[in-house]
Amino acid sequence: MPAWWRGAVSKVARAQAFGPAVVAIILYVFFVLVSPGSGFVGAAGTASWLDTTADLGIVAMPVALLMIAGEFDLSVGSMVGGGSITVGLLTGYLGLPLWLSIVIGLVLGALVGLLNGFLVTRTKLPSFIVTLGTNFIVLGAGITIGDAVMHSTIATVETSGWFSELFKGKIGDFDVSVIWWIVVVLIAAWVLRRSRYGNWIMATGGDADKARRSGVLTSRVKITLFVCTAVAASFVGMLEAVKFGTGDPTSGSSFVFEAPIVAVLGGVLLTGGYGSILGVVFGLLIYGISNAGLFYAGWDVNLTQVVLGVLLLVAVLSNNRLRQIALAPIRAARKGLTK
Amino acid sequence: MTAQTATTAPVIELIAASKTFGVNTVLDDVSITAHAGEVVCLLGDNGAGKSTLIKVLSGVHTLTRGELRVDGRAVEFRSPRDAQALGITTVFQDIDTFPLMSVAQNFFIGREPMKGRGPFRRMDHKYANSHALEQIREMGIRGVTDGKQLVGTMSGGERQALTIGRALHFGARVLILDEPTSALGVKEAGLVLRQIRNARKSGVAVIFITHNAHHAMTIGDKFTVLKQGKVADQFVQGERSRLEVLTLMAGGEEIDGDDDESSAHE
């Protein structure tokens, strides 16, 4: 292999978004070809998958950052439901204004995030188990409180005025949540690539003990990110509750695994320490495109699960390979020298 | 160099230091001094008390008896942070680098260069990349051509050198190196030894812990051999042959295999 070729390959391999970008483009072209005249390419077709992708994306961005820092948050599923039932109960049953309900929902989200963060950093237990526990606690609490107060687990959301348009508004064919998602992406990318915090997130996930010895406040990094994931999840729950007009504590259950799946599809290392926001954006697009593509192609939409499962396995395998290539060039060059 | 610095107080000094854990005495009446620009080698076999001594110097353990002095003043460290605040940096055996982060990110971890103000305060990647690369080229590491290169592409010795270079760059006055060369090949060890020489030249007091007598004799100014927590011997460069040192470390027994091993390093 000539040196320039090896250099180019390693540069591409180091661009972590490359793999997921290629997969997303191939999937898109594939579904365009198999669904001629179905409207998949048009604005309405694009909106159909971009809207759901955006809702998931708002949660997946902080979840990806947390995974890069080496921790999981499985409680996001019930936090989406928690935000949803909170806004339903407060606006529909208690008649509070929407803005106040949303502030309360975000504060509750932050509290759950703090609880997760303190439990994980103090007990040193795996966050997988801790957040699995809080996931059930929040879910159970949401259903119980809804049932006790309203004798129903579903609440009607009462909204009107310009403020609610921030959550259920439309821009052409697209939900306003797409804008929220873009804002979250930009913030997440800035934090990871530009801020000092991003360096700390990578180091914490790379090796928490070494990071601590190097002066990184690893517990603060983790707790902050747990708060971000819970607040983002709660926010999406409220956004969807306003959009659909109902608050439902069970509404976010699919997020529990979809958020980490799109992070891994986007090249985030399961054990932490590696990943990029652009990669996760493509991971989300892979998810959205295969979801809507199957529908527009007229195939059984349940195949989405199969497609995602296969892509997940392929992603984990190819991520490992790409990482090896990214770490290889100097070793290869040195071997050449010493021979 | 020792003659020149002898008039000033040693940068770091242990006086009649003892450390016990319950009934176990792991350090017994140990005294060592290190002046600026001196490489003090601490030799000893496994279990000689070397690691406990490092932990005392770096602020992990406090002494049971005796005194620790920095710049001639008695100090008591409550945590490694206290030691670091006085410029005492420890480079541990499992090197403090992150393979999946760039050379620049590694170099500046915990001390990131920033620019901009308010909410737009951000890492100065341009400065970090060029500066880290410059430092690394000065160390004689030629494999690195870009500050954005992942540290995982570097060898063990190069990473060790990077860690030492980082400590020097950020103003370490005392550098404690825990077995920095033991896991390395000949060429790699040479890279690290060169970094130690750089440190000495820039006036840092280096405490070099090793069980490789050859590496110690190559670079050391002063030597302390520990045996079961006690000072078995103390001498300066040129006073003992390598065989004498090896015999001391092994506790006066005949050693055949070790000599073969260390001659392989020549």
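Starting from 1, residues in each chain are numbered consecutively following that chain's sequence as written. The lettering of chains begins at A and the numbering of ligands begins at 1, in the order of writing. With the structure being a predicted model, the display of local features is reserved for residues of pLDDT at least 70 and the display and counting of side-chain atom pairs for 80 or more, all residues being used for whole-chain, interface and lining totals.

Novice: Please set out the overall build of chain B residue by residue, giving values where relevant.
Specialist: Secondary structure summary: chain B contains ten helices and twelve strands in total. Only C-alpha atoms enter the radius of gyration; for comparison, a globular chain is expected to reach 2.2 Å times N to the power 0.38, where N is the number of residues. Here chain B has a C-alpha radius of gyration of 19 Å; the compact-globule value for 266 residues is 18 Å, and the two agree. Considered along the principal axes of its C-alpha atoms, chain B spans approximately 60 × 45 × 40 Å. The exposure label follows from counting other C-beta atoms within 10 Å of a residue's C-beta, where the C-beta atoms are placed from the backbone and the thresholds are 20 or more for buried and 12 or fewer for exposed, leaving partly exposed in between. Each of the 266 residues in chain B was classed as buried or not, and the buried ones make up 45%. Only runs of H or I of at least four residues qualify as helices and only runs of E of at least two qualify as strands under DSSP, and these elements are numbered from the N terminus.

Novice: An account of the overall build of chain A is requested, with residue identities and associated values reported.
Specialist: A count of helical and extended segments in chain A gives 15 helices and four strands. A globule of 339 residues ought to have a C-alpha radius of gyration of about 20 Å, and chain A, at 21 Å, matches this closely. By principal-axis analysis of the C-alpha atoms, chain A measures approximately 80 × 55 × 30 Å. Looking at chain A as a whole, 54% of its 339 residues are labelled buried. Throughout, a residue-residue contact means that the two C-beta atoms, derived from backbone geometry, are no farther apart than 7 Å. Residue pairs at least 24 apart in sequence account for 80% of intrachain contacts in chain A once pairs closer than 6 positions are excluded.

Novice: Give a detailed account of the sheet that holds strand 2 (residues 24–34) of chain B, specifying residues and quantitative values.
Specialist: Residue and element names in this part refer to chain B. Strand pairing is assigned whenever DSSP detects at least two bridges linking the two strands. Pairing in this open sheet of four strands is antiparallel, and the strands run 2-1-4-5 from one edge to the other. Both outer strands of the open sheet, strand 2 and strand 5 (73–75), are each paired with one neighbouring strand and no more. Here the average twist between neighbouring strands, direction ignored, is 35°. Sheet topology places strand 4 (residues 65–70) next to strand 5; three bridges connect them, and they run antiparallel. Lines fitted to the C-alpha atoms define the axes, with helices restricted to the stretch that makes contact. Angles between their N-to-C directions range from 0 to 180 degrees.

Novice: Explain the interface of chain B and chain A to me, and be specific about the residues and the numbers.
Specialist: With 18 residues of chain B at the contact, the number on the chain A side is 22 residues. Under this grouping Gly is polar, as are all residues other than the nonpolar Ala, Val, Leu, Ile, Met, Phe, Trp, Tyr, Cys and Pro and the charged Asp, Glu, Lys and Arg. Here the residues of the side of chain B that touches chain A sort into nine nonpolar, five polar and four charged.

Novice: Before we move on, can you summarise helix 6 (residues 127–150) of chain A with the specific residues and values?
Specialist: Residue and element names in this part refer to chain A. Taking 1.5 Å per residue as the helical rise, helix 6 with its 24 residues ought to reach 34 Å, and the 33 Å between its terminal C-alpha atoms agrees with that figure. Taken as a whole, helix 6 has its buried residues at Ser127, Val130, Thr131, Thr134, Asn135, Val138, Leu139, Gly142 and Gly146. Note on helix 6: the residue one or two positions beyond its end, His151, has a positive phi of about 55°. Given the number of residues in a helix, its expected span is that number minus one, multiplied by 1.5 Å.

Novice: How would you sum up unusual backbone geometry? Please name residues and give values.
Specialist: Residue and element names in this part refer to chain B. For Ala16, which is not glycine, the phi dihedral falls at a positive 45°. Structurally, the position occupied by Ala16 is in strand 1 (residues 12–21). On the neighbour-count criterion, Ala16 (12 C-beta atoms within 10 Å) is exposed. Residues other than glycine seldom take positive phi values, yet Asp71 does so here, at roughly 55°.

Novice: I'd like to hear about the confidence of the model for chain A, residue by residue, with values.
Specialist: In low-pLDDT segments, the atomic positions of the prediction should not be examined closely. What pLDDT expresses is the predictor's confidence in each residue, scored from 0 to 100. Averaged over all residues, the pLDDT of chain A is 88; the fraction at 70 or higher stands at 93%. Counted against residues more than four places away or in other chains, residues 331–339 of chain A, with its pLDDT under 50, gives three contacts.

Novice: Please give an account of the sheet that holds strand 6 (residues 88–91) of chain B that cites residues and values.
Specialist: Residue and element names in this part refer to chain B. Read from one edge to the other, the open sheet built from six strands follows the order 6-9-10-3-11-12, with strand pairing classed as mixed. Since the sheet does not close on itself, it has two edges, and those belong to strand 6 and strand 12 (230–236), each with one partner. Direction aside, neighbouring strands of the sheet carry axes that sit 15° apart on average. The sheet contact formed by strand 11 (residues 222–227) and strand 12 spans six bridges and is antiparallel. Across the sheet, residue Phe223 finds its bridge partner in strand 12, namely Phe235. Docked against the sheet, helix 6 (residues 156–169) engages strand 6 and strand 9 (174–178), running at close to 175° with respect to strand 6.

Novice: Mind laying out the nonpolar core, listing which residues take part and the relevant values?
Specialist: A set of buried Ala, Val, Leu, Ile, Met, Phe, Trp, Tyr and Cys residues, joined through C-beta atoms within 7 Å, is what we mean by a nonpolar core. In terms of nonpolar packing, the biggest core is built from 177 residues, with Val59 of chain A together with Phe208 of chain B touching the most fellow members. Ignoring sequence-local partners within four residues, the contact set of Val59 of chain A consists of Val76, Val80, Ala232, Ala233, Val236, Phe255 and Ala259 of chain A.

Novice: Please set out the environment of Ala161 of chain B residue by residue, giving values where relevant.
Specialist: Residues and elements named next belong to chain B. For Ala161, the position within the fold is in helix 6. Exposure remark for Ala161: the 26 C-beta atoms within 10 Å place this residue in the buried category. For Ala161 and Gly37, which are 124 residues apart along the polypeptide, the C-alpha to C-alpha distance reads 18 Å. Ignoring anything within four residues of it in the chain, the contact list for Ala161 reads Met139, Ile141, Leu191, Val192 and Gln195.

Novice: Summarise the pairing of strand 3 (residues 39–43) of chain B; cite the residues concerned and give the values.
Specialist: Residues and elements named next belong to chain B. Across the five residues of strand 3, five count as buried, placing the element largely inside the fold. The alternating pattern of strand 3 places Val39, Cys41 and Leu43 on one face and Val40 and Leu42 on the opposite face, and all of these are buried. For strand 3 and strand 11, the ladder comprises four bridges, and the chain directions are parallel. Counted as the bridge partner of Val40 is Lys222 from strand 11.

Novice: Now, about helix 13 (residues 277–296) of chain A: what can you tell me, with residues and values included?
Specialist: Residue and element names in this part refer to chain A. With 20 residues, helix 13 should reach 28 Å at 1.5 Å per residue; the first-to-last C-alpha distance of 28 Å fits that figure. Here helix 13 lies mainly inside the structure; 20 of its 20 residues are buried. At the C-terminal side of helix 13, Gly298 shows a positive phi close to 80°.

Novice: Explain the environment of Gly87 of chain B residue by residue, including any values.
Specialist: Residues and elements named next belong to chain B. Topologically, Gly87 is positioned in the loop between helix 3 (80–85) and strand 6. C-alpha of Gly87 to C-alpha of His211: the two residues are 124 residues apart in sequence and 25 Å apart in space. Once residues lying within four places of it in the same chain are set aside, the contact partners of Gly87 are Gly171, Ala172, Arg173 and Val174.

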